[in-house]
Amino acid sequence: MDVRVNSPAQVIKSFSSWLPMLLVALLLYGVVFVGFTVWLLMQPLGMAPALAQQLGLIIGAVLLTGGFYLYVQWLIGSLAAYELSLNGQQLRVRGISGRGSIDNELPLGELKKVHIGTRTHILEKPSSGQRGANSKAAARMMFVLDDGHYFKLDYAANAFDNQSLYDFLSHLKRKGVDINISE
């Protein structure tokens, strides 16, 4: 049993709740990029202020747009490589965890619980209108093993198809794993 990964368009749509924060960040970074470029053109290079401002605006906008494009491409590529599957009694989890990546394969018998989101006591079945998470923490999956060790999978609610993820978690619940969803 495999969980389907969202398409690039679905991944972008799942981050729609981050739009206000994204706009503010782009504005602030834009001011920083343009300001630094204007300063660099005027001070070390000795360019006239009027010309430095015009070029600084163009160069800063290009740097910001290029950086944002590269980040979005990296994020889509990273989330496309996610994997959550159950083959017999072997659970396979692959994706981003913190600042690194994880690629774990473990027997299902070692898995104690899987919780998704920070408000684990009120999480309900994902609906079709709920395409993402309001925060990184709400989209995170936490896997707790019998020995007390745990690992997390960031952006799980953004990377995986909601219905497929819900079906997978329901299947794990029927196999005796503590899951924080209601059926």
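In what follows, the accompanying structure is described. (Residues numbered from 1 in each chain as written. Predicted model: local features only at pLDDT ≥ 70, side-chain atom pairs only at ≥ 80, totals over all residues. Heavy atoms only, no water.)

## A word on the overall build of the protein chain
Each helix and strand in the protein chain was counted, giving five helices and seven strands. The buried share of the protein chain, reckoned over its 183 residues, is 36%. Contacts in the protein chain between residues at least 24 apart in sequence constitute 62% of all its contacts with a sequence separation of at least 6. Total accessible area on the protein chain stands at roughly 10700 Å², and carbon and sulfur atoms take up 62% of it. (Helix = DSSP H or I, 4+ residues; strand = E, 2+ residues; numbered from the N terminus. Buried < 20%, exposed > 50% of the residue type's maximum accessible area, 1.4 Å probe, protein only. Contact = heavy atoms within 4.5 Å. Areas by Shrake-Rupley, 256 points an atom, 1.4 Å probe, with all protein chains shown as cover.)

## Some words on unusual backbone geometry
Backbone geometry at tyrosine 155 places phi at a positive 60 degrees, although glycine is not the residue there. Checked against the element boundaries, tyrosine 155 lands in the loop between strand 6 (150–153) and helix 4 (156–159).

## Regarding the pattern of salt bridges
Inspection of every chain in the model, using the stated rule, returns six salt bridges. Among the salt bridges present, the one from aspartate 161 reaches arginine 4, with a minimum N-O distance of 2.7 Å. Highlighted residues: aspartate 161 in the loop between helix 4 and helix 5 (162–174) and arginine 4 in the segment before helix 1 (8–14), separated in sequence by 157 residues. Among the residues examined, aspartate 161 registers a relative accessible area of 13% and is labelled buried. In this structure arginine 4 comes out as exposed when scored by relative accessible area, which is 51%. (Salt bridge = Lys/Arg side-chain N within 4 Å of Asp/Glu carboxyl O.)

## Focus on the sheet that holds strand 2 (residues 90–97)
Judged by pairing direction, the sheet is antiparallel, and its three strands sit side by side in the order 1-2-3 without closing on themselves. Each edge of the sheet is formed by a strand with only one pairing partner; in this case those strands are strand 1 (83–87) and strand 3 (100–107). Going across the sheet, the axis of each strand differs from the next one's by a mean of 10 degrees, ignoring polarity. Sheet topology note: the strand 1/strand 2 ladder contains five bridges and is antiparallel. Opposite leucine 84, over in strand 2, you have valine 93 as the bridge partner. (Pairing = 2+ DSSP bridges. Axes fitted to C-alpha atoms, helices over the stretch in contact; angles between N-to-C directions.)

## With respect to helix 2 (residues 19–42)
Side chains that are three or four residues apart share a direction in an α-helix, a result of its 3.6 residues per turn. A rise of 1.5 Å per residue sets the reference length of helix 2, with its 24 residues, at 34 Å; its end C-alpha atoms lie 34 Å apart and thus fit the reference within 8%. All of the buried residues in helix 2 are Gly30, Val34, Thr37, Val38 and Leu41. The inward-facing, buried residues of helix 2 abut helix 3 (49–80). (Expected span 1.5 Å × (residues − 1).)

## Concerning helix 3
Compared with an ideal rise of 1.5 Å per residue, which puts 32 residues at 46 Å, helix 3 spans 46 Å between its outermost C-alpha atoms and is within 8% of the ideal. Taken together, the buried positions of helix 3 are Ala52, Gly56, Gly60, Leu64, Val72, Leu75, Ile76, Ser78 and Leu79. Of the surrounding elements, those touching the buried residues of helix 3 are helix 1, helix 2, strand 2 and helix 4.

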